[in-house]
Amino acid sequence: MNGRKAVLLALAVSLVLKFFLFEFMIAQGHSMEPAIKNGAVLVINRLRYGLRLPWRQNYLVRWAKPKEGEVVVFYTPSGELAVKRCSEPVDGGVFFAEGDNRTDSYDSRSYGPVPVDNIVGKVLGY
């Protein structure tokens, strides 16, 4: 394999990993302290709850819903990306999300339940 093919293969593999399997992000804010500190690097499993194309709002196939206590990355009803703990999965495809730092967290207590389709993935490590 020549150098050009190797670079293209590496690029293709990295794009598949980022868009379909894993993603990395940096936590911003204090809403999940003490568990997740501001500036922590988070590893997100994008396949935990189903298969979703990056440009689609909902899952093509969903095989799981978040369980109580799992830390998830999702889009809030206003479209912001958030990291919160699933405090109460609800029938009907929604869940309540709450930050661990209750005094400094904008979460479901403010904006209500979140559709499961808004979930980007589960936080694996921080």
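Everything below is about the structure shown above.
In this text the structure is predicted, and so the values were computed from the model without any measurement.

K.L.:
Help me understand the pattern of salt bridges in this model?
P.N.:
Where side chains of opposite charge bring their charged atoms close, a pairing between them can arise. If you walk through the whole model with that rule in mind, you get seven salt bridges. With a closest N to O distance of 3.3 Å, Glu70 and Arg48 form a salt bridge. Placement of the pair is Glu70 in the loop between strand 4 (61-62) and strand 5 (71-75) and Arg48 in the loop between strand 2 (41-45) and strand 3 (50-51), with a sequence separation of 22 residues. For Arg102, the salt bridge is made with Glu98, and the minimal N-O distance between the two is 2.9 Å.

K.L.:
Please clarify how the packing of aromatic side chains should be interpreted in this entry.
P.N.:
Aromatic rings in a pair are described by how distant their centres are and how their planes are angled relative to each other. By the definition in use, this model includes two aromatic pairs. Ring centres 5.6 Å apart and planes at 85 degrees place the aromatic pair Phe74 and Phe95 in the edge-to-face group. With Phe74 in strand 5 and Phe95 in strand 7 (residues 94-98), this residue pair connects regions lying 21 residues apart in the sequence. Accessibility classification places Phe74 together with Phe95 in one group, the buried group. A ring pair is formed by Tyr106 and Tyr111, whose centres lie 5.0 Å apart and whose planes are at 70 degrees; its orientation type is edge-to-face. Since its relative accessible area comes to 47%, Tyr106 is described here as partly exposed.

K.L.:
Looking at this structure, how should I read unusual backbone geometry?
P.N.:
Trans is the common state for peptide bonds, and a negative phi is the common state for residues other than glycine. The omega torsion of the bond from Glu33 to Pro34 falls at 10 degrees, within 30 degrees of zero and hence cis. Among the structural elements, Pro34 can be located in the loop between strand 1 (22-26) and strand 2.

K.L.:
What am I meant to see in the side chain of Glu23 here?
P.N.:
Checked against the element boundaries, Glu23 lands in strand 1. The buried category is assigned to Glu23, whose relative accessible area is 18%. In terms of polar contacts, Glu23 uses its side chain to reach the side chain of Arg46, at 2.4 Å. Not counting residues within four places of it along the chain, the set of residues in contact with Glu23 comprises Lys18, Leu42, Val43, Ile44, Arg46 and Val120.

K.L.:
Is there a simple way to think about the nonpolar core in this case?
P.N.:
Burial of nonpolar side chains together is a common tendency in soluble globular proteins. Counting residues in each nonpolar core, the largest one holds 13 residues, and the members touching the most others are Tyr49, Val72, Phe74, Phe95, Val114 and Ile119. Contributing elements (two or more residues each) for this core: strand 5, strand 6 (81-90) and strand 7. Within the second largest apolar cluster, twelve residues are counted, among which are Met25, Ala27, Val71 and Val83.

Conventions and cut-offs
- Residues numbered from 1 in each chain as written.
- Predicted model: local features only at pLDDT ≥ 70, side-chain atom pairs only at ≥ 80, totals over all residues.
- Heavy atoms only, no water.
- Salt bridge = Lys/Arg side-chain N within 4 Å of Asp/Glu carboxyl O.
- Helix = DSSP H or I, 4+ residues; strand = E, 2+ residues; numbered from the N terminus.
- Phe/Tyr/Trp six-rings, centres within 6.5 Å; stacked < 30°, edge-to-face > 60°.
- Buried < 20%, exposed > 50% of the residue type's maximum accessible area, 1.4 Å probe, protein only.
- Polar contact = N/O pair within 3.5 Å; in protein donor to acceptor, adjacent residues only side chain to side chain.
- Contact = heavy atoms within 4.5 Å.
- Core = buried A, V, L, I, M, F, W, Y, C linked by side-chain atoms within 4.5 Å.

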